[in-house]
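Single-letter residue listing:
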Amino acid sequence: MITSGVLKSQIDKLWEEFWTGGITNPLTVVEQITYLMYARMLDMNERNDEKRSVRTGKPFNRRFADDKQHIRWENFRHLGAEKLYPLVKDEVFPNFKELTSDDTLFADFMKDAQLMIQKPSLLVKAVELVSELPLENKDVKGDLYEYLLSKLTTAGINGQFRTPRHIIRAMIEMLDVEETHRICDPACGTGGFLSSTYEYLLEKYSSPEGIEKEQVFDTQGKPVLDVYGKPVFNTLYAGDLLEKRTHIDYDMFHGFDFDSTMLRVAAMNLVMHGIKQPDIQYQDTLSQSFIERFPDEAKNGFDIILANPPFKGSLDEEDVDPAILKIVKTKKTELLFVALIQRMLKVGGRSATIVPDGVLFGSSNGHQALRKYLIEDNQLEAVISLPSGVFKPYAGVSTAILIFTKGGSTDKVWFYDVQTDGKSLDDKRTPIKDNDLPDLVKQYKAYQAAVMAGKSTEQWADKTQKAFLVAKDDIKSNKYDLSINRYKEVVYEQETYEEPKVILGKLKALENEILADLNELESML
């Protein structure tokens, strides 16, 4: 995350300019800033390719024809409001639709881009501030964009909202994602699960001895300096991760969503983090068209699925894939998505999915059928209860994380009761000392290691602890109820109290003392 106050203040100032300029919808602000960042990155990439072409003598697919050099970022960013506004509105944005070659990822998402900035003076300020962002530094630009996304504080109309990054990180660490996996989020939103997974892989596979540095130069060929005036260097990751670079850049990360704005944001988020060509697609993954358009992804396609699917929203039942409805006959999206995720996984593939608590104990036929399916036809590894304030200020809904492996059957389910996550559970979500997440990850990894090694899991037999095991038969006898309170045992301490007559006597004595003090005070007046 960003630690420099200077970088934070740059984003804060940019955000403030939009709000004072009349654009107050957070998602619109992020979208418009994304467009401007994209316009600048097009020019940066063009200049890098030009330099490479001069050095190697090899041609490249140009983003800007000879008659469009004037719409490159460095050629228009210094223009005044009268010239800048019509140029950006009538030429720069329409040019997004014509992009091809290496920019195909964004071409589909940018073709309907619209400039929502109505004030020319605001556009001038926005262009000026985006020009100051250190987008040349790949080590910080991902964090810059994440900080920008952290300002999204409202849920979408379909129940989607930004998942806290420390919750995402815990889920990734528990699954211990590897560099050879194919990873998907079927309702990717801003791409937080995917970008956080990439950050985790960089840390996991890059030792200090295997890291090299490359000095950063701006589009004019001048060294980029940090806030202290020192040269900026990008990190070059060596070792196993570098060898798997093609897989990482082109086939590791897959995301789907049917909100075009979210897709633009997700694509920019992943590219800003350093993934060249993530597979981000416009698609309602619950619909019949999903398996028709993406047969290799819709069924047995992924090793890992990380998701926080929408808990509510509009749903056209007639358009839902019948194969999913065979597993769970329902209109509830949270149930349908879990069934969908199971189908998308390869046999042996694993998922960590956030669900509302109702999935755990709902009494409808759909709820019970899904839970039975997860336990009888799959390996339900863990149910992790999260405190109700985790998703504030978006929502106060109580949630849990389901971790399961496709195929086989369940023997025991590991439960964990997360009571604190390192932040207050009110709307402010300020940092606090208490945090169960490190213990959650540590205990889950220890449990998995014990299972894999065939060792005893007796240490999780005590149901009065935060982490404990429940046998399949116990769950089955409770209609496959997975709510943690159904199985957690509470230890009550016996309290002894004095006899009522004794307590009453003490109250009367206290009253007499108060009355005596009042009489003494009255005599002094």
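Now for a look at the structure at hand. Please read these numbers as outputs of a predicted model, since none were measured by experiment. (Residues numbered from 1 in each chain as written. Predicted model: local features only at pLDDT ≥ 70, side-chain atom pairs only at ≥ 80, totals over all residues. Heavy atoms only, no water.)

**Regarding the overall build of the protein chain**
And then number 1: Helix and strand content of the protein chain: 21 helices and 13 strands.
And then number 2: Across the protein chain, contacts joining residues at least 24 apart in sequence account for 74% of those joining residues at least 6 apart.
And then number 3: Accessible surface, the protein chain as shown: approximately 25700 Å² in total, 50% of it carbon and sulfur. (Helix = DSSP H or I, 4+ residues; strand = E, 2+ residues; numbered from the N terminus. Contact = heavy atoms within 4.5 Å. Areas by Shrake-Rupley, 256 points an atom, 1.4 Å probe, with all protein chains shown as cover.)

**Some points on the pairing of strand 7 (residues 345-356)**
And then number 1: In terms of residue burial, strand 7 counts as a mostly covered element, since nine of its twelve residues are buried.
And then number 2: Here five bridges tie strand 6 (residues 302-307) to strand 7, and the two strands are oriented parallel to one another. By the bridge assignment, L306 is partnered in strand 7 with A352.
And then number 3: As paired elements, strand 7 and strand 9 (residues 399-406) share seven bridges and run antiparallel to each other. (Buried < 20%, exposed > 50% of the residue type's maximum accessible area, 1.4 Å probe, protein only. Pairing = 2+ DSSP bridges.)

**Notes on the environment of F337**
And then number 1: Secondary-structure assignment places F337 in helix 16 (residues 333-344).
And then number 2: Spatially, the C-alpha atoms of F337 and L286 are 7.2 Å apart, while their sequence positions differ by 51 residues.
And then number 3: Among all residues touching F337, those that are not within four sequence positions of it are P186, A187, T285, L286, P309 and P310.

**What about the side chain of N308?**
And then number 1: Its location among the elements puts N308 in the loop between strand 6 and helix 15 (322-327).
And then number 2: Exposure remark for N308: the relative accessible area of 10% places this residue in the buried category.
And then number 3: Within the local environment of N308, its side chain forms a polar contact with the side chain of T163, the two groups lying 2.9 Å apart. (Polar contact = N/O pair within 3.5 Å; in protein donor to acceptor, adjacent residues only side chain to side chain.)

**What about helix 12 (residues 260-273)?**
Each α-helix turn comprises 3.6 residues. Residues three or four places apart therefore point the same way.
And then number 1: For helix 12, which comprises 14 residues, the first-to-last C-alpha distance of 20 Å matches the rise-based estimate of 20 Å (1.5 Å per residue) to within 8%.
And then number 2: Where helix 12 begins, one side-chain oxygen reaches toward the backbone nitrogen of T261, 3.0 Å away; that side chain belongs to D259. (Expected span 1.5 Å × (residues − 1).)

**Examining the packing of aromatic side chains**
And then number 1: A complete count under the given rule lists 14 aromatic pairs for this structure.
And then number 2: When the centroid spacing of 5.0 Å and the interplanar angle of 55 degrees are considered together, the rings of Y38 and F96 count as tilted. Here the residue Y38 occupies a position in helix 2 (residues 26-56), and F96 occupies one in helix 4 (residues 81-96), the gap between them amounting to 58 residues. The same class applies to Y38 as to F96, namely buried.
And then number 3: Between W414 and Y447, the ring centres sit 5.9 Å apart and the planes meet at 15 degrees, which makes this aromatic pair stacked. Taken together, the residues span a long stretch of sequence, with W414 in strand 10 (residues 412-417) and Y447 in helix 19 (residues 437-453) at a distance of 33 residues.
And then number 4: Relative accessible area serves as the criterion here: at 0%, W414 is assigned to the buried category.
And then number 5: One aromatic cluster in this structure is built from W414, Y416, Y444, Y447 and W460. (Phe/Tyr/Trp six-rings, centres within 6.5 Å; stacked < 30°, edge-to-face > 60°.)

**A look at the sheet that holds strand 13 (residues 467-471)**
And then number 1: Strand order in the open sheet formed by nine strands is 5-4-1-6-7-9-8-10-13, with mixed pairing between adjacent strands. Of all the strands in the sheet, just strand 5 (279-282) and strand 13 have a single pairing partner and so form its edges. This sheet shows a mean twist of 15 degrees between the axes of neighbouring strands, independent of strand direction.
And then number 2: Here strand 10 pairs with strand 13 via five bridges, running antiparallel. Opposite K412, over in strand 13, you have A471 as the bridge partner.
And then number 3: Sitting on the sheet, helix 9 (residues 192-205) touches strand 1 (183-185), strand 4 (253-257), strand 5, strand 6 and strand 7, and the angle it makes with strand 4 is about 165 degrees.
And then number 4: Packing against the sheet, helix 12 makes contact with strand 4 and strand 5, and its axis sits at approximately 175 degrees to strand 5. (Axes fitted to C-alpha atoms, helices over the stretch in contact; angles between N-to-C directions.)

**Points about the side chain of D249**
And then number 1: Positionally, D249 belongs in helix 11 (residues 245-250).
And then number 2: For D249, a relative accessible area of 3% puts it in the buried group.
And then number 3: A polar contact is formed between the side chain of D249 and the backbone nitrogen of K276, at a distance of 3.2 Å.
And then number 4: Excluding residues that lie within four positions of it along the chain, D249 makes contacts with G274, I275, K276, Q277 and P278.

**Thoughts on the pairing of strand 9**
And then number 1: With respect to burial, strand 9 is a largely interior element, eight of its eight residues being buried.
And then number 2: Where burial is concerned, the two faces of strand 9 agree: the one with T399, I401, I403 and T405 and the one with A400, L402, F404 and K406 are both buried.

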